[in-house]
Structures are given as C-alpha cells and as structure tokens.
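# Structural overview
Here is what each chain is made of, one letter per residue.
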Amino acid sequence: MRGDLMYKKKKLSEAIMVMAAVACSQPLVAQESPGVLEEVTVTGIRASLQRSMDIKRDASGVVDAISSEDIGKFPDTNLAESLQRITGVSINRVNGEGSEITVRGFTGSYNMVTLNGRTLPGGIAYGGGSGAGGTRGGGTRAFDFANLASESVSSVQVYKTSRSAITSGGIGATVNIDTAKPLDNPGMQMSIGGKVVNDTTNLVGDDFTPEVSGIFSWTDSSERFGVALSGSFQERDSGAANAAVNDWNIGTWGEDELYSFTGDAVIENAPDEGQLYARPNDLRYAWSDRHRERTNGQLTLQFRPMDSLTLTGDYTYAENYLQEHRSEQTFWFANGDSVDHVVFDDSAVATPVIYSEVLSGKDAGFEQQWREQTNTLESIGFNADWNVNETLSLRFDMHDSSMESLPSGPGNSGEIAMSIAAPILTSQVVNFGSDLPVADVTFDDSSRGNNNGVFDAGDFGTQVGRVWYAGQTTDITQVKLDGSLEFDDGRFDFGVESMAVDMRQQSSSRYMGLGDWGIANPGEIPEGLWDAFSLTGRYDDYNMSGALSTGFRGDPVALCNWSMSIYATAENDYQCAYDPAFTTNNRVEEDTTAVYFQVSMDGQLAGLPTNLLAGVRYETTDVKSSSLQQIPLYLLWQDNNDFMTVYADGDAELISADASYDHLLPSLDFSIDLRDDLKGRFSYSKTIARAGYSNLSPSVGSFGTVGSTYNGTTPTAVSSNPALLPLESDNLDLSLEWYYSDSSYVSAGFFEKRVDNFIGTAQVEENHFGMRDVTNGPRVEAAAQALMDRGFAVNDTSLFVMMAVMENPDAFPNGADDYTDDAQFAVDVATAYDLAPNDDDPLMIFRTSKPDNNKEAKIYGFEFAAQHFFGDTGFGLQANYTVVRGDVGFDVLSDPGVSQFALPGLSDTANLVAIYENYGFQARLAYNWRDSYLNEVNKGNSRNPIFVEAYSQVDLNVSYEVNENLDVFFEGLNLTEENVRYYGRSDGQLWYLEDLGARYQLGARYTF
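All values derive from a computational prediction rather than experimental measurement.

### Description of the overall build of the protein
Across its full length, the protein holds seven helices and 49 strands. Considering only C-alpha atoms, the protein reaches an extent of 110 × 55 × 55 Å along its principal axes. Looking at the protein as a whole, 58% of its 1008 residues are labelled buried. Looking at the protein as shown, the accessible area adds up to about 37900 Å², and 52% of this sits on carbon and sulfur atoms. Charge-centre separation for the protein: the mean point of 66 positive side chains lies 6 Å from the mean point of 144 negative side chains.

### Quick look at the UniProt feature "domain: TonB-dependent receptor-like beta-barrel" (unreviewed entry) in the protein
This chain's UniProt record puts "domain: TonB-dependent receptor-like beta-barrel" (unreviewed entry) on residues 442–975. Secondary structure content for residues 442–975 is 9% helix and 53% strand, while the C-alpha to C-alpha distance between its ends is 39 Å.

### Regarding the pairing of strand 6 (residues 112–115)
Alternating residues of strand 6 divide into Met112 and Thr114 and Val113 and Leu115, and every residue in both groups is buried. In the sheet, strand 6 pairs with strand 11 (residues 174–179) via four bridges, with the strands oriented parallel. Paired with Thr114 across the two strands is Asn176, which belongs to strand 11. Across two bridges, the pairing between strand 6 and strand 7 (residues 118–119) is antiparallel. Across the sheet, Thr114 pairs through a bridge with Thr119, a residue of strand 7. Remark: two residues form the turn of the hairpin made by strand 6 and strand 7, two consecutive strands paired antiparallel; Asn116 in that turn has positive phi of roughly 55 degrees.

### Some details on the nonpolar core
If you look at the biggest cluster of nonpolar residues, it comprises 66 residues, and the most contacted ones within it are Tyr285, Phe455 and Phe460. Here this core gets seven residues from one element, more than from any other, and that element is strand 23 (residues 415–431). Core analysis: the second largest hydrophobic core is formed by 30 residues, Val780, Ala783, Val805 and Leu835 among them.

### Remarks on the sheet that holds strand 6
Read across the sheet, five strands follow the order 3-10-11-6-7 without closing on themselves; strand pairing throughout is mixed. Each having just a single partner strand, strand 3 (63–67) and strand 7 make up the two edges of the open sheet. In this sheet, strand 11 lies alongside strand 10 (residues 153–159) in antiparallel orientation, the contact comprising six bridges. Looking at the pairing, Tyr159 lines up with Thr174 of strand 11.

### Observations concerning the environment of Pro609
One can find Pro609 in strand 30 (residues 608–629). It is 8.9 Å that separates the C-alpha atoms of Pro609 and Arg675, two residues lying 66 residues apart in sequence. Other than its neighbours up to four places away in sequence, Pro609 contacts Gly603, Gln604, Ser671, Ile672 and Asp673.

### Thoughts on the pattern of salt bridges
Following the criterion strictly, the structure yields 51 salt bridges and no others. Across the salt bridge formed by Arg236 and Asp199, the nearest N and O atoms sit 2.8 Å from each other. Note that Arg236 is positioned in strand 14 (residues 225–244) and Asp199 in strand 12 (residues 188–199), a separation of 37 residues in sequence. No difference in accessibility class separates Arg236 from Asp199, as the two residues are buried. Linking Glu324 and Arg371 is a salt bridge whose minimum nitrogen-to-oxygen distance equals 3.2 Å. Note that Glu324 is positioned in strand 19 (residues 309–332) and Arg371 in strand 21 (residues 352–387), a separation of 47 residues in sequence. Here the two residues Glu324 and Arg371 agree in accessibility, since each one is buried. Through salt bridges with shared partners, one network takes in Lys56, Asp64, Arg104, Lys160, Asp733 and Glu863.

### Side note on unusual backbone geometry
Phi is positive for Asn757, which is not a glycine, with a value near 65 degrees. When you line up the elements, Asn757 lands in strand 38 (residues 744–766). The backbone of Asn938 sits at a positive phi, close to 60 degrees, despite the residue not being glycine. Checked against the element boundaries, Asn938 lands in strand 43 (residues 933–939).

### Focus on a nonpolar patch on the surface
There is a patch of nonpolar side chains on the surface, built from Met188, Trp218, Phe225, Leu229, Leu299, Leu301, Phe303, Tyr315 and Ile380 and spanning about 770 Å² of accessible area. Those elements giving two or more residues to the nonpolar patch turn out to be strand 14 and strand 18 (282–306). In terms of residues, the nonpolar patch owes the most to one element, strand 18, which gives three residues. Within the element layout of this structure, Leu229 appears in strand 14. Overall, the relative accessible area of 31% leaves Leu229 in the partly exposed class.

### Description of the side chain of Ser99
Tracing the chain through its elements places Ser99 in strand 5 (residues 97–103). The exposure class assigned to Ser99 is buried, which follows from its relative accessible area of 3%. At 2.9 Å, the side chain of Ser99 and the side chain of Asp144 are in polar contact. With residues up to four places along the chain from it excluded, the contact list for Ser99 reads Ala80, Asn92, Val94, Phe143, Asp144, Phe145 and Ala146.

About the thresholds
Residues numbered from 1 in each chain as written. Predicted model: local features only at pLDDT ≥ 70, side-chain atom pairs only at ≥ 80, totals over all residues. Heavy atoms only, no water. Helix = DSSP H or I, 4+ residues; strand = E, 2+ residues; numbered from the N terminus. Buried < 20%, exposed > 50% of the residue type's maximum accessible area, 1.4 Å probe, protein only. Areas by Shrake-Rupley, 256 points an atom, 1.4 Å probe, with all protein chains shown as cover. Lys, Arg positive; Asp, Glu negative; His and termini not counted. Charge placed at Lys NZ, Arg CZ, Asp CG, Glu CD. UniProt positions renumbered as here; feature names shortened; annotations may be inferred. Pairing = 2+ DSSP bridges. Core = buried A, V, L, I, M, F, W, Y, C linked by side-chain atoms within 4.5 Å. Contact = heavy atoms within 4.5 Å. Salt bridge = Lys/Arg side-chain N within 4 Å of Asp/Glu carboxyl O. Patch = residues over 30% accessible without salt bridge, like charges linked within 9 Å, V, L, I, M, F, W, Y side chains within 5 Å. Polar contact = N/O pair within 3.5 Å; in protein donor to acceptor, adjacent residues only side chain to side chain.

Given below as structure tokens:
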C-alpha cells in the first residue's frame, strides 16, 4: 500500500546520522578523601528538574528552563511539547504535534527563538497557500518547532522578562535552545537510540516507522580540542479525518437576504427582526494520508589554544520533508431559489441547525489534492570567547542562518488540486446540530450520469485543475561583540550587534479549465484512476449515522497527468507544474544595528541580600520592501459565485518602499532573598516585536468576490503596509518563589504588558489598477430588467445566465427569450461561457484591508507553579496554572461589515505531571490543558472570528534502566485521542475539525 502515496525516498534519508554532542549534565562534587575529589554525573528526571529549578532560582528576571535528563535524552521528542509544560507557554498543534508556541498570550511571530543565543530564521509555507485545510502562504516570522529533533538539545531557557543583552524581537518571550559543547564534557561519550513509532491514525502508510538518533562527543587528553557530532532521522506515517466550512455569511434578519428560498420554503425558529443570523457557504469532509521525514544533524568543533581563549565553530542542519494526499468531499450550497427548509438554533447569532436545498443536476464534488513541501534550516557559526584577564572578558560571535520552506512536489508544486464531480444531485441536507455536521444527498444519474441508478465512478467528470505554489526563504546574518568587566560585587556588560535579515515570499497558481465547473464530460475518467472511498466512514469519534456513505478518491498526480493528455494545448499552457509568473513576489530586507550596556550588582536592603540588573539597549532598523507585482486586469465571472483574477501578460512591475525606526529599550531586574529559601522579584522592561513580513510588502493582492455587486456583494482585496512600526510593550513582573528543599518549590507571579502599535485593520473602499466590474453596469442592469420582465427571480445565478445569453446572440438568436430557469440550462451556460468586463462597465470598488498601527491593549495575568518530591520515595509532582487576560476581546454581535481589533491567543493553561523514579524505573504521566481562545479575527466577508475549543492531552513516558548502559522506554502521546475544533460567532458555526488519534513509541537507548 505504500506505493499508493508515491512515497519519495531521498538520498539524505537513507544515510542516518547516529553520532552527536553530549547533553550537558550538572556535575556534583563529592569529597571522597582529603584532597581527592570525585565528579559524579547526576541524571534522570529529578536531576533534570533540579537543574531547571536552579536556573530559575539563580537567574536575573523571570526565567524558566527545561534540561535534558541524560546524554541524548530530552523530556519530549518535540521541543514544543516540552515547552508547553512551562507556566505561561501554550502551543498550537499541526497533525497532532507541537508546532508554534504562544507565551503569555503572544503567538509565534511575537516570540524570539534563538539557537545558542543566535536568532533563528522563521518561515512556514505549505500546500501552496491554496486556502484548503492546513495550508500556509508564508511571510511569517514564526519558528516551527516540528523542524527540530530534541536529542541533541541540552537545555531550553524561556526568558519572560527581557534584558539589554538579548536581541530584541520577542514581546512574549525569548526562547533559547542550547546544544552541548565538547569541551564542556571532557573525554569521549557516545549514545545511540532507536524507536519504533506507531501512529494509530495511519491508513495507507507503514503502521510502524523508524526513528534513530545518535550523539558523539570527544576531547583530547589535554582538553584543548573537541569534536561533537549529533544526528537523528524520523519517519512518520499518519492520517487525519477533518471537516471545514469555507465561510459563514452574517446578516441582519429583516434587512439582509442571505438565503434564496423556494416559494414554499419552511423556516423554523426564525430569528427575531434585527437579529444577526448566519448562512454557511458549504460543508467539506476530508481525509488526509500524511508522510513526514525529518533529518537533523549538528557538528561542533572547539579549540582552546590557551586557557583564556576558546574558539568554537558549528554547523546545524535540519530538514523536514512533508507529503500529503488529501481527498475532499464538498457540499457547496447553490442558494439560488433552492433553499426549501431551514431550522435555526437559539444562539445569539442565529445559526442553521438544518439546511436543506432542492436541486437539479448539481455537482457532487470530490477534490483530490497532492501536497509536498520541504523545510530546510541551515546555520553556520563561529565564536571566540576570550578571558583577557581576571576581570575583563570578550566574546565575538557570528553566524549565517537560513530557513527555506519551499514546494517540492511534481513540477515544483506545493499543491496539485484536481476537482472531480458528478452532476447528478437532486437535493442535499446538512444537520449542523452536532460538533461534526452530518450531510446527505439524493441523486438522479439518468440525465447526465451513466444512468445505472447508482452513485458510482461512471458519473464523474473533471471540473478544474489548479497548481499552487507558496514558498518562503529567510536568511539572517548576525554579528555580535560582547564584553564583561567584573568588579567587586558586580559586573558591567556591554556590546554591539549587527543583524541583516533578507526574506523572500513567492506564490502563484495555475488554473486549468478542463471540463469546467459545469462538468462538460461526465463519465470521462478511465477506470483505475477513481475508486470508491467513504470519507464519512473515517471519523472514529463522531456519530455519522444518516450521512452520505458514498465517496471517492484518486491519485491527484495521476489524474492531472491524464487530464493533460485530454485538455492541454500549446495555446492554453496547461501542465502539472507551478506557474513561474508569481502573483506574490515579495522581499523584505531589515538591517538592524544595536548597542547595549547593563550593570549587575549584588547588595543588601535592610540586611537582606539583593541583586540588581539594569541596562539599556539602543537599536536602529532600516527596512526596504519590494514586490514584483503581476498587474491584474479584471475579475472574470465564471458562474454565479465563481470568479478568477486575470493578469496582464508580460513581466511584473517592481514596486518598492523604504522605512526606518529606532528604539531605546531599558530593562531592570531586581531580586531580594527574603529568607534563604524565599526570593522576591520585580522586573520592568520595554520590548518590541516587528510586524509580520507579509504585512510589510508594498503590493496589493487577494482580489476576490463571491457574487455580483448589483446584488450587494462587496469585492475584497488585501494590501500591505511597509511603514508599519514594531509593537512596543512596557512590561511589569512581580513574583515570589519559595524553594523549600533541594528539588521542590512553589512560585506565584503577576505580569502586565501595555502594548502600543498593535496592528489593526483599516478598511478602505478603492479601485485598483483600473479594474472594471463585470457584475454591475448597463449590461447587468439590462439582464436584470429582462429577468423581471419575464417574471424570473434576480439572483447571481439567473443574472449570470441571462447576461451570458444576451451577450451571445449567435448561440441564442432570440436573446433574452431563449432564457429558461431550468437548472441544467444554467449549468450548460456556465460551462460554455465566461463573462469579462468592457469599457462601459463601472470601476470595481474593492473593500481593501490594510494593516495599520492604530491599536493599543493591555495583557495581564498570573502564573502559579509547584514542584514537589516526596522524600526518597521516587514520587513527585509538577503542577502549574496560568491566567491570561486582555482588555480587548471580539464582540460576536458586532456589525459583520466592520473589522474588529481583538487579541488572539489569550487563554488559561494548566499542567499536572505525576513522576516516579526509583529502582531503575522512570515514569511520567502528564496532563496538559488549554482553555478556549480566539485564534483569528476578521475572517471572510463577514469579518468573523475563529475560536478554538478547549483542548486537553494526556501523555505517558515510561523507561527502565536495564543496566548502566542500556535503557528501554515506551511513550504514549494523546492517549485519550482528543480532537481539535474551531468555531465562529456561535458554537454551531464550525470552521474546522480534526479527528486525532494516539501515537505510541517503543525504543531503546545505549550509552557507551
């Protein structure tokens, strides 16, 4: 069955790296006899937590940390999964695995991620940015933790309060990932490990896939030279059943006519006059088969020519290859004098529980999507650490790091999407009354199917094919010179830094008409390319009784290649490859220069020990944004609600803009030892976070509409703003920490962030590039009048068909009198004709969304944490709870025509971890919970919110030390198989749902 996914074996994945750097472990010194010291390396869960606790206790400001348990043994395979167990940190999951982090309410782009103190480039694109489930268009600063394996990581620190020596860019936090250095671990040490991974969601891939890792560290006997090498490789095969609604239209009952009813329609529990109500555009079921290959490696060389000078060179490589075959079953709603029964719920925004339509030959769509993307991180760096004398030390560091997230499918595609459908539906009904809506249809294949009375493969033909491309590359070159001058009871730190960032974002789409949306040739698909497959049968956790059980799927690449043999010509340039004429081609260059100094002093206040760290950082940043803009000509009207942007032939035009800004960023951390075991803290800092790259380009794009302006639909466009300023936050932290034993503590803290320059959305009504409006003007008015004169309803379907009839007198010699309201006639006309604007049509006015620094907000909250070990029993507990609040939320009862500013990502979180470690056994049972939160604002034409339901997950890790060299272990992730669900203005307005499963890992680790 593996061949069904066309799994692509890469040379890189065949050579598995198994050597790596030793993880830093905390040495304890025990006195064996006078003058003789024995170094004892303490490992395990308790030692790891103790090291993390010591980092927290000894740090200036609020710092949390996670430390490796032993050489090559980090608490979780995924770094984000480990980070979520820290107070104030939550994660979002992709394919059931941690991807981006949110810290104190600030999502991924507002957190800085560094590797050994060096800024890591972010960049995530996927699926060509097509807009279908799970795709990403790029242009982000966020770092995807799924790209990094954890085996070579020695510790991770989360700096929740800033300090002047830290590179700016993280308002939520700065997360630093430390890897081991050979001179820190003298001698030779080596560990290798292997796992067998079983993902219970897998359907067609391998049920058991490998994961191997290795680390090696060596120094010569003089401890002058050292080499460390690490490597890991993982394959994972999985599947996912998901469902989505493309958009929710919101209107006011009695004012906006969102539904096009039949004459005898039944409306139950109708909304009150003036109440907001909703209509969905569609419902989509989908099944995905996924394959992932992740390869990581790091090489570190160190040389200490003299005791006071250490030179370090390192190279880091991480590749994450992603592949997905996604099959989608679409129930799009015709909404053209077709809605015969609606039942509304009792929510504040009335939402349909039952949505029913009567149809005639409507298409039953099954789109097949093939996605491939390769994310590659490379970083090469050099460091010189020189202790000039007993009081002065200097440190020079430079690196060049790049992140590429690029399509790697056939013809450099990110997604190949083949829309296949059968024009046989006579009715459809969807029950939105449960978490997962249930859809059913009736059909008649006697007219345009194979007339056998069975909904089968012979009823299908092609509609359209699309090839999507979305990629992002980010390169960072950073040079730092730092110095420290020790003096009595203190230290003076200073430094200068230069960082150059170069980000490029590109996207395109190739549209191929094939049989068009009307399905010109039902029955054309050869046997073997199209097989029965019940998508509704793949939802394990939901009751799908009453749902259409019939479904189909095929290989998207094979379907595309076959369709080229039928439809491709030299004139239309159809091909199963990306379009190199990018519709998005943006570049953002940022050059930042910074200088800082800070002073750390130990002292006393009322006889109590104190520490003060105060400093200031000054930065200047020059920004150059440029875009190669493909010039749009018009929106081509293809059917009632189907439009395509047509671009001018020839080269794109270069548009550019420059900007600059500077910031003075003070910071102050004060701590006082109220007792030997009780520490109080106060911190203040000013921090910044830069706007997302996609907001900084000078281009305009995303032109679209879902109906005619004659009938009230407003076309939309999206513009960026190169002059956006960074967000500025004044941060306050207060905390109290009680360390009542060597590995136990309790802490409580309060934080507040007052943020200016939040990016809101300005709405501007304007024309772009002289584009004209085919859906209004004299021709449309004449078509509408012709419909009314003949007693027909004027909706977008009838308007399109009548206009096409009147525009083509050769085919319709009687003009408007040749029009009929027969559904099949509408399908035939839409298949045969598209409508383009002419010079008599009015200019098309777009509601253009532009980002703007026009908002401010306050975020505040509380963090509570406890860690306790019960003496020498081996039992322990970790627990924490974070409260996050903001003063700006989303009003679900607001005007759907007006954009809102609201703070996404704010949610309470909690963790509870039960620990046992004794007699060679280690066990960790972890519960993580995140409350519901706002994930996105102003989605779609009705400016809707996207909320994420509360989510919890239980993970288990058990290991046994067979002997001093060999450990065996078992890991279970998402043991209770929790799912994710997104919703809109009411719980009944489903945006996205994914049915997840458990993942199990069994392995062994051998230390030499």
